[in-house]
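Observations on the model geometry
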Amino acid sequence: MKIRLILLIAGTAIGLAGCKTTPEELPDPTPVAEAPIVPAPAPVVQSPRPVVETAPQSQGPIFQGPTPGTLDDFLYQSGGEARVYFGYDQYDLSSEARDALRRQASWLQTYSTVTAVIEGNADERGTREYNLALGARRAESVKAFLVSQGVSPNRLTTVSYGKERPIDPRSNEEGWSRNRNSHTNLMSGSIG
Amino acid sequence: MKIYVKLILVVVVLLGALSTSAKAQLSIDITQGNLEPLPIAVPDFISADTSGRDIGAQIAQVVRDDLERSGIFKSLSPDSFLETQTNIDYKPVFADWRVIKADALVSGRVVMEGPNRMRVEYRLWDVIKGEQIAGFRFSATPQQWRRTAHKVADSIYKKLTGEEGYFDTRIVFVDEKGPKTNRRKRLAIMDQDGANAQYLQSGADIVLTPRFSPNSQTITYMSYESVVPQVYVLDIETGRRELLGNFPSMTFAPRFSPDGRSMVLSLMKKGNSDLYLMDLTSRSTSRLTTSPAIDVSGSFSPDGRQLVFNSDRGGSPQLYVMSAKGGDAKRISFGKGRYSAPVWSPRGDKIAFVKSKGGKFAIGVMNPDGSGERILTESFLDESPTWSPNGRVIIFSRETRGERGKSELWSVDLTGRNLRKVSTPGRASDPAWSPLLP
């Protein structure tokens, strides 16, 4: 009986249209629970199931951002990265940079035990010591703006890396513009 | 860590039967721009001992290389030599040296005086006139053969040019490893010719801009080992290292005064960099500049009375000179372009600098009043000039363009014609030349 049943269900699973079965032979409802044992049939040749994609549905909450108060959260809330960018030999803040820094400031106000090192960076088109001085100005511009947004100056240390810490190795406009930045590096006190 | 061995060299002028005549001899005027290198023959130094002969051959090779690299001499190939001297106390067969077109000849000898002592002697001959120009004797240990060779080269250089040489010197620099976006930097030191390279540090933190004190024993540099980078002083003989001062904010761009008693450095305060003078005995500091502009890269005149530095107070980076006590500064750079990294020559007559224009970086020199600007080299990125102790040669770092860009050391003389790569164990930047070693 059991064997017949399995065969039968297998037949249905294959989905033969118009397959006629007699009502008398319908099995007990309970054995249906065994259905999962029947994965073998041919049509199930499919690529690995996207397990990950379905996972959030079972987790409940709709917002999937990083844990509040962590570095990931800071990056997320700041718009993806903790850097703002500058023009050639410039240290004034663009409106884009100001927007990003407002978001940084608001996060820093929420997590008021976090301290940060503001690291100023320059591109390679300058001599070493001049670039250290230029990076210092950039870091200070960022610090001054964060302070103007209510962050206590005691929580912010400025440092210049000059041209020592490029994030883009290219020697072209694109690379240089990425390397002229100030990085807000979270230090002690962060939750994560 | 103990890498400085005191070399006691007893220099004795070889007198006697072959003493020099008082008349004007062979000489080179290296102040002339268009100089034809002087052909000089330096055969292997002779010796009665096998070990002495090995040392004699090595010494002669180092002397030949030193003289050749200077660009002032053309070191003739030993393959062309006709005469083989067996005793340097007799006059050479000058005709044999004239045939191969040597103007000067160096005959040397190594005398082993026991297991730990040797005497190195040489006579410098004017081949054209057929006379001895000089004769010197040096006492050293056999292990010091290399330094002895540099001393010999220095004394030949001095005898023929009238100026101090620069061969018995060392270069401290930053050794570089790794890709551009993750570069490891550590302090290293080597002889002027690239020999005896050694690391002074493990290289865990970024270190920049090492510079010698006038005693050649101490160097100052900047390190990122603490959150706020600071200036340090390192004794290269003892390895003793000291944080210079206790500043709340970043200090950088240090340089010793010519008497070694004080230091000029830049201190960053609220994003603004100013020059400060620190007395190394009392550790008291005085502020030298007060402008809201960038003021960096201070370098003393050799008399210690003035400073040249880099400032953008006029709107773009330019060079300024002021009293070493501070006060009014006078701009000295007026060419088209941006100027930085000024270094006063030990002779006092020139200031070397970096000039950037049209996407290129050049090494140049000018007089301390800003006149007589001359560009010596140019590339994608030439920077960090440092002077030979006699003020005739500049070593600098040259970085190539692009993702695989790398930094090397190069040297150039004041004519700009003798441009050569400096041998280093790996990639290198931020060179600083020592004074002549004692």
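Before reading on, note that the structure itself is shown above.
No experiment lies behind these values; they were computed from the predicted model shown.

Moving on, we get to the overall build of chain A. The secondary structure content of chain A amounts to 6 helices and 4 strands. Seen in sequence order, chain A has helices and strands lined up from the N terminus as α-α-α-β-α-β-α-β-α-β. When each of the 192 residues of chain A is scored for burial, the buried share is 40%. By sequence separation, contacts in chain A at least 24 residues apart represent 77% of the contacts at least 6 residues apart. Total accessible area on chain A stands at roughly 11,000 Å², and carbon and sulfur atoms take up 58% of it.

Each regular strand shows side chains that alternate between the opposite faces of the sheet. Residues and elements named next belong to chain A. Extensive coverage of strand β4 (residues 181-186) is indicated by the burial of 5 of its 6 residues. The pairing of strand β1 (residues 83-85) with β4 spans 3 bridges and is classified as antiparallel. In the strand pairing of β4, R83 is matched with H183.

A few words now on the layout of surface pockets. Residue and element names in this part refer to chain B. Roughly 500 Å³ of internal volume is contained in the largest pocket. In terms of lining residues, the largest pocket is bounded by 24 residues, among which F212, F256, W344, P346 and W433 are the most central. Counting only elements with at least two residues in the lining of the largest pocket, the list comes to β11 (207-212), β15 (251-256), β19 (295-300), β23 (338-344), β27 (382-387) and β31 (427-433). In terms of residue class, the lining of the largest pocket is made up of 14 nonpolar, 8 polar and 2 charged.

Below, the discussion takes up the interface of chain B and chain A. Think of interface size as the accessible area that goes away when the parts come together; that is how it is often given. With 40 residues of chain B in contact, the opposing surface of chain A contributes 32 residues. Taken together, both faces of the contact between chain B and chain A bury some 3,000 Å²; the carbon and sulfur share is 59%. Taken together, the links from chain B to chain A amount to 8 salt bridges. Taking the shortest distance from any N to any O, the salt bridge between R128(A) and E383(B) comes out at 3.7 Å. For the pair chain B and chain A, the interface holds 16 residue pairs in polar contact (both at pLDDT 80 or more). Taken together, the elements giving at least two residues each to the side of chain B that touches chain A come down to β11, β15, β19, β23 and β31 of chain B. Tallied by class, the residues present in the side of chain B that touches chain A amount to 21 nonpolar, 9 polar and 10 charged.

All names here are of chain A. In spatial order, the strands read β1-β4-β2-β3; together these 4 strands make up an open sheet with mixed pairing. Among the strands making up the open sheet, the edge pair consists of β1 and β3 (156-162). Between one strand axis and the next, the sheet turns by 20 degrees as a mean value, whatever way the strands run. Here helix α4 (residues 95-110) sits on the sheet and contacts β1 and β4; the angle it forms with β1, its principal contact strand, is near 160 degrees. The strands touched by helix α5 (residues 128-148) are β1, β2 (116-121), β3 and β4; relative to β3, the strand with the most contacts, the crossing angle is about 155 degrees.

On to the environment of F73(B). All names here are of chain B. Tracing the backbone shows F73 in strand β4 (residues 73-75). Residue F73 is classed as buried on the basis of its relative accessible area of 2%. Sequence spacing of F73 and P39 is 34 residues, and the spatial spacing of their C-alpha atoms is 5.9 Å. Residue contacts for F73: discarding those within four places in its chain leaves I28, P37, L38, I40, L67, E68, Y157 and L160.

Residue and element names in this part refer to chain B. Structurally, the position occupied by S397 is in strand β28 (residues 393-399). Residues S397 and S411, spaced 14 residues apart in sequence, show a C-alpha to C-alpha distance of 8.7 Å. If near-sequence neighbours (up to four positions away) are discounted, S397 is found in contact with L381, D382, E383, S384, S407, E408, L409, A428, S429, D430 and P431.

For an α-helix, the turn length of 3.6 residues means that residues three or four places apart are oriented alike. Residue and element names in this part refer to chain A. Over its 21 residues, α5 runs 30 Å from end to end, which matches the ideal 30 Å to within 8%, given 1.5 Å per residue. The buried fraction of α5 amounts to 18 of the 21 residues, a majority that puts the element mostly inside the structure. One or two residues past the end of α5 sits G150, with phi positive at roughly 105 degrees.

Glancing now at the pattern of salt bridges. Across all of its chains, the model carries 44 salt bridges over all chains by this definition. Across the pair E383(B) and K163(A) runs a salt bridge, and its minimum N-O distance is 2.5 Å. Placement of E383(B) in strand β27 and of K163(A) in the loop between β3 and α6 (173-179) is noted, with the two residues assigned to different chains. E383(B) sits in the buried class, given a relative accessible area of 3%. Its relative accessible area of 13% is what places K163(A) among the buried residues. When the shortest N-O distance is used, the salt bridge between R137(B) and E121(B) registers 2.8 Å. With a gap of 16 residues between them, R137(B) in strand β7 (residues 131-140) and E121(B) in strand β6 (residues 118-126) connect regions that are remote in the sequence. By relative accessible area, which is 27% here, R137(B) ends up partly exposed. The class of E121(B) is buried, set by a relative accessible area of 1%.

The rules behind the values
Residues numbered from 1 in each chain as written. Chains lettered and ligands numbered in written order. Predicted model: local features only at pLDDT ≥ 70, side-chain atom pairs only at ≥ 80, totals over all residues. Heavy atoms only, no water. Helix = DSSP H or I, 4+ residues; strand = E, 2+ residues; numbered from the N terminus. Buried < 20%, exposed > 50% of the residue type's maximum accessible area, 1.4 Å probe, protein only. Contact = heavy atoms within 4.5 Å. Areas by Shrake-Rupley, 256 points an atom, 1.4 Å probe, with all protein chains shown as cover. Pairing = 2+ DSSP bridges. 1 Å grid on protein atoms, 1.4 Å probe; cavity = no way out; pocket = protein on both sides within 12 Å on 5 of 7 lines; lining within 4 Å. Points joined across faces, edges and corners; volume = space filled by probe spheres on them. Nonpolar A, V, L, I, M, F, W, Y, C, P; charged D, E, K, R; others polar. Buried area = accessible area lost by both parts, 1.4 Å probe. Salt bridge = Lys/Arg side-chain N within 4 Å of Asp/Glu carboxyl O. Polar contact = N/O pair within 3.5 Å; in protein donor to acceptor, adjacent residues only side chain to side chain. Axes fitted to C-alpha atoms, helices over the stretch in contact; angles between N-to-C directions. Expected span 1.5 Å × (residues − 1).

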